[in-house]
Amino acid sequence: MASDSTTSTGWRGRLERGLGQLADANYRRPWLALTIALLLSAAGVFFARGLSLDANLVSLLPRSFQSVEDLRELEQRFGGLGWVVVVGEGGDPESLRRFADELAPKLEALPDIRFVEVRRPGTFFQDHALYYLSLDDLQEVERRLEARLTYEKQRANPLYVPLVEEEPPSLDFSDLEAKYGAGSARRLAGSGTGGEYYLDPAARRVVLLAKPEGISADLDFSRRVITEVENVLKAQDVSKYGPDFRTSITGTFQKKLDQQKQIGRDIAVASAVAGVLLLLYLLVHFRSALAVALVLTPVGMGLAWTYGLVGLAYGRVNLLTGFLGAILGGLGIEHGIHLLGRYLYLRGQGWKEEEATRESFTHTGSAALISALVAALTFFMLGTSRFRAFREFGVIAGIGMLLMVLAYVLVLPAVLGLAARLGWRPGKAAMSHQRSPMGALVVRWRRPLMLLSAAVVAGLVLNVGRVRFDYNFGSLEDQHLPSFVMDRQVNRLIGYSQTPLVVLTHNAEEEDAVVRELRARKERLGERSTVDFVASMETLVPQDQAPKQEVLRRLQALLEDVPEEQLDARQREQLAELRTQVRAEPFTREQLPASVRRQFQGPQGESGFVLVYPRVSLGDGQAIRKLAHEVRGVTGLNHAHIAVAGEPMVLADILEMVTKEAPLILIGSVLTVLLAMWLTLGSLRLAMLCLTPTVVSLLVLVGLMPLLNAEFNYLNILVIPVLIGTTVDAGVHLLTQLVSPDSDFVSVYSETGRAICGGLLTSAVGFGALLLANHPGLFSVGTLANLGFGVNLLVMLVAFPALLLVLSERRRRKRLLRQLHSKDAEQPQPPHPTDATPVG
């Protein structure tokens, strides 16, 4: 049967004819086309073989960001932040202490461990506590002691008669202890029922803190150091510490590896399940195993080409691009459903194999190319983001969409030609296309359906303003992983965060200036401050030690005369402690405990660092922004920039960047899609009509989110531009079939609607793979994307066809009225009453 279809004119017509001729050439010379495709696929597999996963959040920001530059300086001068934390559980306190003492030297002997912290430096700071009081407070201690001694001496004098009964002067120094307790020395010294060890008797748990030589962002180093620690633990006979004794590892380095492993598992499982589901759907859709192979072969080759380019350009995949195989597979199969579906429909209408192939790629192929180009442009808009997760996702997905269409144009006609030469004929089941009863229903109830759809859309649009953004960084990490849970428990045991911010000062004077400024900011903000405490070597060595020592010598003499028998038990305990403290000698930096000094020194012993311990959760995005704002902008003595480094600063920059870029990317995506469709379709009206179901779907999706308690977050916000690019092709395919003058709506609806339904379902399966991810952020991406595809499916199968029918009916009515008016104008008209000759 010869082709009787119409071909567009102009640029669109040349595109259609070119695709038809290219498909025809590949159909005629299948071996040449397949050889080229196989060679490209082999090259893609070769370059993709070394791809690795990089789930590190820090690497998602541009290197030019100040927080990233500061972090690099931190790594060079201070080393890595965080610890490898070994936890022993299930023993009595004595066994736990013995475990810590015996394991510490074995860990410290490892080549990648700098030092190990087992005991709190509390004894040193407790003995020197009075030096951390101000000179005025020390003199207040002296005054209280003198008053008490005077009182006791007076009471001991038999000739003394008090005129008024009075209470003895108090020796309660708890108010002064409270001042000292808020200082950095007391906070680092720690307190609690575990004594000098990091020990929790109630939980039967002890903690050892091992400081590695490298940084946690270096995943190869993290694996190596964790493996070294694991091997040491495996070599221990832990049964001697108790029958239920067990060990575990947490801390920054273990958490990085656990997150990496989890995402790797998610990718493997989700991709496998998505592949199986797509295969099953295609079998149901086409009811032919060979038809399924015809669709999947170009997809497999297109993925090989895409990941080969990824291997060449990036060498690794990130948190989002790791799942692009499943996503691109679903989007690519959508093109195959439209192309092969059109081919089978034409074969069922009696077309010859070569003619059906040429016709399928002339019209449906050009629609697929236009929709792929539009989707690619949308993805490329994501590629303008400075957030690496979005940028790489956009670039790879955009290139992948174009390569998918290229793979279909190159491979599908060749495979069809080869199959025809081998005698393959599509079965009746594959070619049968019944008229959809849904199409007839839409035609019959077009006006009520349009009005009902308009009412639903209007109601949900009014709900758009209630959608919220989730600022919790927990959406970027699985907080339920065992190492994450244990890390929070360790933080509570230690008493402060294991991951402070580090201010990289250059000398003691600058340290002192920075500490004063940060403490002043904290005091100014009061309860609104996000800083727990600020510590440096300078803050740990008190000022004015010489005059304070003179006061301590006088106190020592006074304490010898205090009558212990007149004191209660608590006061006698305080007295004994004071007698120890007043004998303490002044000290310098070098005399601080080694366990304390090492926390403020780099790998080579370099000092000049101020540690800022946050009081807020590092999962609270809004709190992190406040923390970054509070500590940023500290300056040195010459007002030069001083680096404030730490992962919270990077997270704050990610939040700022995503919230600023998201509206621009969204607006840019819509305008880019509209412009691209205007240029490719040759009509602004047609382009706006094709874009209408996508825009309506997005408004309905956002309006539904508050009703379903769904929120945007740092990752799933990218679903909006993705949906713009991936759902617009449904409107293109439907309208390009309906613009033909002899098109029958029910027939077009039956054929194209089935393909649209299949295409959206396969796209949903690709993104639906993320629903199998344990990672909460990726799960939210899959949830929001599938909700968007579901909404778009309803719009495309119900609301949009009803709208098109009503608009078409209205247009026909206007055309008929114009024709009637033109016929009336051609008939002789009677004279108008005003033109009649007046009667005389």
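Computed from a predicted structure; not experimentally measured. All residue numbers refer to positions counted from 1 along the written sequence of the respective chain. Residue-level local features of this predicted model are given only where pLDDT is at least 70; pairs of side-chain atoms are given and counted only at 80 or more, and the full residue set underlies all totals for whole chains, interfaces and linings. Side-chain measures were taken over the full set of non-hydrogen atoms in the model, leaving aside hydrogen atoms and water.

**Description of the overall build of the chain**
Right, on to step 1. What the chain contains, in helices and strands, is 29 helices and eleven strands.
Right, on to step 2. When the 840 residues of the chain are sorted by exposure, 54% land in the buried category.
Right, on to step 3. Put simply, the chain shows about 37000 Å² of open surface, and 58% of that area lies on carbon and sulfur atoms. In this text, helices come from DSSP runs of H or I with a minimum length of four residues, and strands from runs of E with a minimum of two, each type numbered from the N-terminal end. Classification of residues uses two cut-offs on accessible area relative to the type maximum, computed with a 1.4 Å probe and protein chains only: under 20% is buried, over 50% is exposed, and between them is partly exposed. The protein chains shown are the only cover counted for residues, whose accessible areas, like all others here, come from Shrake-Rupley with a 1.4 Å probe.

**Regarding the packing of aromatic side chains**
Right, on to step 1. When two rings of Phe, Tyr or Trp (its six-membered ring) have centres within 6.5 Å they constitute a pair, described as stacked for plane angles under 30 degrees, edge-to-face for angles over 60, and tilted for the intermediate range. Counted under the stated rule, the structure contains 16 aromatic pairs.
Right, on to step 2. Judged by centre distance (6.2 Å) and plane angle (45°), the ring pair of Tyr-132 and Phe-587 falls under tilted. Here Phe-587 lies in the loop between α22 (569–581) and α23 (594–597) and Tyr-132 lies in the loop between α5 (122–127) and α6 (135–156), a separation of 455 residues in the sequence.
Right, on to step 3. Under the relative-accessibility criterion, Tyr-132 is labelled buried at 18%.
Right, on to step 4. Look at Phe-587 and you get buried, because its relative accessible area is 3%.
Right, on to step 5. Ring plane angle 75° and centroid distance 4.9 Å describe the contact between Phe-387 and Phe-390, whose orientation is recorded as edge-to-face.

**Some points on the environment of Gly-753**
Right, on to step 1. Secondary-structure assignment places Gly-753 in helix α28 (residues 745–768).
Right, on to step 2. Note: C-alpha distance between Gly-753 and Ala-730 (23 residues apart in sequence) is 8.7 Å.
Right, on to step 3. It only takes one pair of heavy atoms within 4.5 Å for two residues to be counted as in contact. What Gly-753 contacts, discounting residues up to four positions off in sequence, is Val-748 and Leu-797.

**Quick look at the packing of helix α2 (residues 30–48) against helix α14 (residues 388–421)**
If you want to describe how two helices pack, look at the angle between their axes and the distance between the axes.
Right, on to step 1. Under this scheme, a helix contributes an axis fitted over its contacting stretch, all axes are lines through C-alpha atoms, and angles between N-to-C directions fall in the 0 to 180 degree range. The interhelical angle for the contact between α2 and α14, taken along N-to-C directions, is 135°, at an axis separation of 8 Å. Taken together, the axes of α2 and α14 lie oblique to each other. As α2 packs across α14, the resulting crossing turns out to be left-handed. Of the residues in α14, those touching α2 at Pro-30, Trp-31, Ala-33, Leu-34, Ile-36 and Ala-37 are Leu-410, Val-411, Ala-414, Val-415, Leu-418 and Arg-421. Oblique is the label for every angle not falling under 35 degrees (roughly parallel), over 145 degrees (roughly antiparallel), or within 65 to 115 degrees (roughly perpendicular). Whether a crossing is left-handed or right-handed is set by the direction in which the near helix is turned from the far one by less than a right angle, anticlockwise for left-handed and clockwise for right-handed.

**Points about unusual backbone geometry**
Right, on to step 1. Residues other than glycine seldom take positive phi values, yet Arg-287 does so here, at roughly 55°.
Right, on to step 2. Assessed through its relative accessible area of 46%, Arg-287 is described here as partly exposed.
Right, on to step 3. Of note in the backbone geometry, Asn-709 takes a positive phi value of approximately 55° without being a glycine.
Right, on to step 4. For Asn-709, the position within the fold is in the loop between α26 (684–704) and α27 (719–738).
Right, on to step 5. The exposure class of Asn-709 is exposed, given its relative accessible area of 73%.

**So, a positive patch on the surface**
Right, on to step 1. Residues Arg-685, Arg-810, Arg-811, Arg-812, Arg-813, Lys-814, Arg-815 and Arg-818 make up a contiguous surface patch of positive charge.
Right, on to step 2. In terms of residue count, helix α29 (residues 776–826) provides more of the positive patch than any other element does, seven residues in total.
Right, on to step 3. Turning to its location among the elements, Arg-812 is positioned in helix α29.
Right, on to step 4. A residue is classified by how much of its surface remains accessible, and Arg-812, at 46% relative accessible area, is partly exposed. Here, patches come from residues exposed beyond 30% relative accessible area and free of salt bridges, joined within 9 Å for like charges and within 5 Å for nonpolar side chains (Val, Leu, Ile, Met, Phe, Trp, Tyr). Each reported salt bridge corresponds to a side-chain nitrogen of Lys or Arg within 4 Å of a carboxyl oxygen of Asp or Glu. Only four residue types enter the tally: Lys and Arg on the positive side, Asp and Glu on the negative side, with His and both chain ends excluded. Every charge is mapped onto a representative atom, which is NZ of Lys, CZ of Arg, CG of Asp or CD of Glu.

**What to know about the environment of Leu-277**
Right, on to step 1. As for its position among the elements, Leu-277 is in helix α10 (residues 252–286).
Right, on to step 2. Among the residues examined, Leu-277 registers a relative accessible area of 43% and is labelled partly exposed.
Right, on to step 3. For the pair formed by Leu-277 and Ala-769, sequence separation is 492 residues and the distance between their alpha carbons is 9.5 Å.

**Some remarks on the side chain of Lys-211**
Right, on to step 1. Mapped onto the fold, Lys-211 is located in strand β5 (residues 205–212).
Right, on to step 2. With no salt bridge to any partner, buried Lys-211 finds its closest opposite charge in Glu-117, at an N-O distance of 8.9 Å.
Right, on to step 3. By the criterion applied in these results, polar contacts are pairs of N or O atoms within 3.5 Å in which, for protein atoms, one can donate a hydrogen and the other can accept it, and in which residues neighboring in sequence qualify only through two side-chain atoms. From its side chain, Lys-211 meets the backbone oxygen of Gly-82 in a polar contact 3.1 Å long.
Right, on to step 4. Each residue touching Lys-211, except ones within four places of it in the same chain, is listed here: Gly-80, Leu-81, Gly-82, Trp-83, Asp-112, Ile-113, Arg-114 and Phe-115.

**Quick word on the pairing of β5**
Right, on to step 1. β5 sits mainly inside the fold: eight of its eight residues count as buried.
Right, on to step 2. Residues Arg-205, Val-207, Leu-209 and Lys-211 of β5 are buried on one face, and the alternating residues Val-206, Leu-208, Ala-210 and Pro-212, pointing to the opposite face, are buried as well.
Right, on to step 3. Strand pairing follows a simple DSSP-based rule, namely that at least 2 bridges must link the two strands. The pairing of strand β2 (residues 84–89) with β5 spans six bridges and is classified as antiparallel. Following the sheet pairing, Val-84 is matched in β5 by Ala-210.
Right, on to step 4. When strand β4 (residues 199–200) meets β5, the two strands line up antiparallel, connected through two bridges. Along β5, the bridge assignment pairs Asp-200 with Arg-205.
Right, on to step 5. Connecting the antiparallel pair β4 and β5 is a turn made up of four residues, with Arg-204 showing a positive phi of about 55°.

**Examining the sheet that holds strand β11 (residues 644–645)**
Right, on to step 1. Pairing in this open sheet of four strands is antiparallel, and the strands run β9-β10-β8-β11 from one edge to the other. The two strands at the open ends of the sheet, each matched to only one other strand, are β9 (531–536) and β11.
Right, on to step 2. By the bridge criterion, five bridges tie β9 to strand β10 (residues 609–614) in an arrangement that is antiparallel. Looking at the pairing, Val-531 lines up with Pro-614 of β10.

**Let's talk about the pattern of salt bridges**
Right, on to step 1. With the rule as written, the count across this model stands at 30 salt bridges.
Right, on to step 2. In this structure, Asp-24 and Arg-358 form a salt bridge, with 3.7 Å as the shortest nitrogen-oxygen distance. Here Asp-24, found in helix α1 (residues 10–28), pairs with Arg-358, found in helix α13 (residues 353–382); they are 334 residues apart in sequence, far enough to count as distant.
Right, on to step 3. Residue classification places Arg-358 among the partly exposed positions, given a relative accessible area of 29%.
Right, on to step 4. Several salt bridges share partner residues, and in doing so they unite Asp-24, Arg-28, Glu-354 and Arg-358 into one network.

**Structural notes on helix α9 (residues 219–234)**
Right, on to step 1. If you check α9, its first and last C-alpha atoms are 22 Å apart, about what 16 residues at 1.5 Å a residue would give, namely 22 Å.
Right, on to step 2. Of the positions making up α9, those classed as buried are Leu-219, Phe-221, Ser-222, Val-225, Ile-226, Glu-228, Val-229, Val-232 and Leu-233. For a helix, the expected span equals 1.5 Å multiplied by the number of residues minus one.

**Some words on the side chain of Thr-539**
Right, on to step 1. Looking at the secondary structure, you find Thr-539 in helix α20 (residues 537–540).
Right, on to step 2. Look at Thr-539 and you get buried, because its relative accessible area is 15%.
Right, on to step 3. There is a polar contact of 2.7 Å between the side chain of Thr-539 and the backbone oxygen of Ser-536.

**Describing the packing of helix α11 (residues 289–313) against helix α12 (residues 324–348)**
Right, on to step 1. Two elements in contact, α11 and α12, have axes whose closest approach is 9 Å; the angle formed by their N-to-C orientations is 140°. With respect to each other, α11 and α12 are oriented oblique. Here α11 and α12 pass one another in a crossing that is right-handed. In this structure, α11 contributes Ala-291, Leu-294, Val-295, Leu-296, Val-299, Leu-303, Thr-306 and Tyr-307 to the contact, and α12 contributes Leu-324, Gly-325, Leu-328, Gly-329, Gly-332, Ile-333, Gly-336 and Leu-340.

**Some remarks on the confidence of the model for the chain**
Right, on to step 1. Summary statistics for the chain give a mean pLDDT of 81 and a share of 86% for residues scoring 70 or more.
Right, on to step 2. Every residue in residues 1–5 is under pLDDT 50, and counting partners more than four places away or in other chains gives twelve contacts.
Right, on to step 3. What pLDDT conveys is the predictor's confidence in a given residue, as a value from 0 to 100. Low pLDDT, under 50, characterises residues 831–840; the stretch is placed with zero contacts to residues that sit more than four places away or in other chains.

**Description of the environment of Ser-134**
Right, on to step 1. Structurally, Ser-134 is set in the loop between α5 and α6.
Right, on to step 2. According to the relative accessible area criterion, Ser-134 is partly exposed, its value standing at 34%.
Right, on to step 3. A sequence separation of 408 residues divides Ser-134 from Pro-542, and the C-alpha atoms of the two residues are 9.0 Å apart.

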